[in-house]
Amino acid sequence: DQQVKQNSPSLSVQEGRISILNCDYTNSMFDYFLWYKKYPAEGPTFLISISSIKDKNEDGRFTVFLNKSAKHLSLHIVPSQPGDSAVYFCASLLETYKYIFGTGTRLKVLA
Amino acid sequence: DGGITQSPKYLFRKEGQNVTLSCEQNLNHDAMYWYRQDPGQGLRLIYYSQIVNDFQKGDIAEGYSVSREKKESFPLTVTSAQKNPTAFYLCASSIRNEVPNTEAFFGQGTRLTVV
């Protein structure tokens, strides 16, 4: 039973445009969400997070939006750069110690 | 520099052999984790440990074993009972379980290939 879902396995965006990566979750007990970026053959690196008491968190070019009623969150990257090309994982923290990850979305930013 | 070190980066083993993957952190983190990544399946939790001398099974623990004798170290043994051991293994740590809403930090991973 996959509790965190990323339904788009890949996304291509032109350089300078906005990238929107989506994530859905099923467990209403989730109250903290994270986005990680991963390059091939490397470990994921933390990008940005959001607590369920907020509906938006922004850090530079990265903004995460949370819609609790829809159990949906999204990561916006604007403007997109070629170096943003990577796999992006959505994750949630369950019971303070268990990180549950989605299957990832491969973003390709075209120059 | 603080961080998580996984070694080796690439590992080859013959089928039927046990193999141990190393994970060391100098971040003074209490919790440590092992994940496995397969194509199209995201990161799946194998084992996690909240404190020294204690660990719990994750979602796919069968065929794996761990130990947590020191706070800094959380080695993973892939046993011959693991049916599909070839994968990319990731170790992670997080600061404290009592501190809510913190991120996990990952090592660079170990690519295990069983031939």
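Only a predicted model underlies this, so the values are computations on that prediction, with no experimental measurement involved.

## Description of the overall build of chain A
Next, step 1: Per the secondary structure count, chain A includes zero helices and 11 strands.
Next, step 2: When the elements of chain A are put in sequence order from the N terminus, they spell out β-β-β-β-β-β-β-β-β-β-β.
Next, step 3: Over its C-alpha trace chain A gives a radius of gyration of 13 Å, about what one expects of a compact globule, namely 13 Å for 111 residues.
Next, step 4: Classification of the 111 residues of chain A by burial places 50% in the buried group.

## A closer look at the sheet that holds strand β7 (residues 62-67) of chain A
All names here are of chain A.
Next, step 1: Strands sit in the order β1-β3-β8-β7-β6 across an open sheet of five strands; the sheet is antiparallel. The sheet terminates laterally at β1 (4-5) and β6 (56-59), the two strands that pair on one side only.
Next, step 2: Sheet analysis places β6 next to β7, joined by four bridges and oriented antiparallel. Directly across from E58, in β7, lies its bridge partner T63.

## Topic: the nonpolar core
Next, step 1: Formed by 24 residues in total, the largest nonpolar core has its most connected members in W35, L73, L75 and Y88 of chain A.
Next, step 2: For this core, the secondary-structure elements that each account for two or more residues are β3 (19-25), β4 (32-38), β5 (45-51), β7, β8 (72-77), β9 (86-94) and β11 (105-110) of chain A.
Next, step 3: Looking at this core element by element, the count peaks at four residues for β9 of chain A.
Next, step 4: Every residue in contact with L73 of chain A, bar those within four places of it in the chain, is listed here: L21, N22, C23, Y25, F33, W35, V64, F65, L66 and C90 of chain A.
Next, step 5: With 21 residues, the next largest nonpolar core counts Y36, V87 and F101 of chain A together with F88 of chain B among its residues.

Reading the values: rules and limits
- Residues numbered from 1 in each chain as written.
- Chains lettered and ligands numbered in written order.
- Predicted model: local features only at pLDDT ≥ 70, side-chain atom pairs only at ≥ 80, totals over all residues.
- Heavy atoms only, no water.
- Helix = DSSP H or I, 4+ residues; strand = E, 2+ residues; numbered from the N terminus.
- Rg over C-alpha atoms; globule rule 2.2 N^0.38 Å.
- Buried < 20%, exposed > 50% of the residue type's maximum accessible area, 1.4 Å probe, protein only.
- Pairing = 2+ DSSP bridges.
- Core = buried A, V, L, I, M, F, W, Y, C linked by side-chain atoms within 4.5 Å.
- Contact = heavy atoms within 4.5 Å.

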